[in-house]
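Understanding the architecture of this molecule
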Amino acid sequence: MTLVLAIDTATPAVTAGIVLVGDEVTTLAERITVDARAHAECLTPNVLAALADSGRSMADLEAVVVGCGPGPFTGLRVGMATAAAYGHALGIPVFGVCSLDAIGRSTSGEVLVVTDARRREVYWARYRDGVRVVGPEVHAAADVPADGLDAVAGSPVHAAVFGLPVMGPEYPSSAELAAVVTDWTAEPEPLIPLYLRRPDAKSLAERGLA
């Protein structure tokens, strides 16, 4: 059994959970705050609260899993930097996963998972019986291929535009984030954020002011 801290900040939900991974994944405690502007303020308190709720301490953790997006630049930076810091401080591995996979893996049939990318766009990926077959990508909803789909999952507001049945979950859960990892004994790959596009902020040189 492996005691894992699960973190995701790729969506408006600031998620932190303590899960026990063995033959199955069991959620011991989870704290979620839905606030797209409070990732930095809420993540560490949510981690500490989840630990307290689970009756475990930082020293008990054996691994960290973090959603690497796709998501907004600031949100991803907060979650991934925090996960990396815990891993470094505790000397435990940090596994990065696609946040959309944590939503899509609990679906069945041909399913599109969408989350808010702002700018009237969505982050999306397509799944067949829980396995990603296309994506992740970012487009305006009208430009996302929807042929042959059975349902849409993820953000209900953005899923509704496809005129198909909408299924949950809306946000990645701690258990599903952990379940995306297939081998906890393997050496983790480097954490690579899935921004899919450049951040809104531009350097002086990019603005022609340097």
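Small disclaimer: the values here were computed from a predicted structure and weren't measured.

Procedures and definitions
Residues numbered from 1 in each chain as written. Predicted model: local features only at pLDDT ≥ 70, side-chain atom pairs only at ≥ 80, totals over all residues. Heavy atoms only, no water. Core = buried A, V, L, I, M, F, W, Y, C linked by side-chain atoms within 4.5 Å. Buried < 20%, exposed > 50% of the residue type's maximum accessible area, 1.4 Å probe, protein only. Helix = DSSP H or I, 4+ residues; strand = E, 2+ residues; numbered from the N terminus. Contact = heavy atoms within 4.5 Å. Pairing = 2+ DSSP bridges. Axes fitted to C-alpha atoms, helices over the stretch in contact; angles between N-to-C directions. UniProt positions renumbered as here; feature names shortened; annotations may be inferred. Expected span 1.5 Å × (residues − 1). Phe/Tyr/Trp six-rings, centres within 6.5 Å; stacked < 30°, edge-to-face > 60°.

In terms of nonpolar packing, the biggest core is built from 26 residues, with Leu5, Ile7 and Val47 touching the most fellow members. For this core, the elements supplying multiple residues, two or more each, are β1 (2-8), β2 (13-21), α1 (39-54), β4 (63-67) and α2 (73-90). Ignoring anything within four residues of it in the chain, the contact list for leucine 5 reads Gly17, Ile18, Val47, Leu61, Ala63, Val64, Val65 and Tyr86. In this structure, Val65, Val97, Ala102 and Ala178 belong to the second largest nonpolar core, which totals 13 residues.

Moving on to the sheet that holds β2. Within the open sheet, the five strands sit side by side as β3-β2-β1-β4-β5. Their pairing is mixed. Since the sheet does not close on itself, it has two edges, and those belong to β3 (25-34) and β5 (94-97), each with one partner. When strand polarity is set aside, the average angle formed by the axes of neighbouring strands in this sheet is 15°. Looking at chain direction, β1 and β2 are connected through seven bridges and run antiparallel. Bridging across to β2, threonine 2 finds its partner in valine 21. With respect to the sheet, α1 is in contact with β1, β2 and β3, its orientation differing from that of β2 by roughly 30°.

Summarizing the sequence annotation, UniProt attributes the feature "domain: Gcp-like" (unreviewed entry) to residues 36-154 in the numbering used throughout. The annotated region residues 36-154 carries 34% helix and 34% strand content, and the separation between its end C-alpha atoms amounts to 15 Å.

Moving on to the pairing of β2. Along a regular strand, successive side chains alternate from one face of the sheet to the other. Burial analysis of β2 places nine of its nine residues in the buried class, the great majority of the element. Alternating positions in β2 separate into two faces, Ala13, Thr15, Gly17, Val19 and Val21 on one and Val14, Ala16, Ile18 and Leu20 on the other, with burial throughout. Between the end of β1 and the start of β2, which pair antiparallel, lie four residues. The pairing of β2 with β3 spans nine bridges and is antiparallel. For isoleucine 18, the partnering residue across the bridge sits in β3 and is alanine 29.

Glancing now at α1. Two residues of an α-helix separated by three or four positions point the same way, owing to the 3.6 residues in each turn. For α1, built from 16 residues, the straight-helix expectation of 22 Å at 1.5 Å per residue is met to within 8% by its first-to-last C-alpha distance of 22 Å. Elements in contact with the buried residues of α1: β1, β2, β3 and α2. In the segment just after α1, glycine 55 is the residue with positive phi, at about 75°.

Quick look at the pairing of strand β8 (residues 131-140) now. In this sheet, β8 lies alongside strand β7 (residues 121-128) in antiparallel orientation, the contact comprising seven bridges. Paired with tryptophan 124 across the bridge in β8 is glutamate 137. Where β7 folds back onto β8 in an antiparallel hairpin, the turn is made up of two residues, including aspartate 129, whose phi is positive at roughly 50°.

This brings us to the sheet that holds β7. The five strands lie next to each other as β8-β7-β6-β9-β10, forming an open sheet whose pairing is mixed. Strands with a single pairing partner mark the edges of an open sheet, and in this sheet they are β8 and β10 (166-167).

To continue, consider the packing of aromatic side chains. Summed over all chains, the structure comprises two aromatic pairs. Ring geometry for phenylalanine 73 versus tyrosine 195: centroids 4.9 Å apart, planes at 40°, classification tilted. On the criterion of sequence distance, the pair formed by phenylalanine 73 in helix α2 and tyrosine 195 in the segment after α5 (174-180) is long-range, its members being 122 residues apart. Between phenylalanine 95 and tryptophan 184, the aromatic rings sit 4.9 Å apart at their centres with planes inclined by 70°, giving edge-to-face as the arrangement. Of this pair, phenylalanine 95 sits in strand β5 while tryptophan 184 sits in the segment after α5, placing them 89 residues apart in sequence. Like phenylalanine 95, the residue tryptophan 184 is buried in the burial classification.

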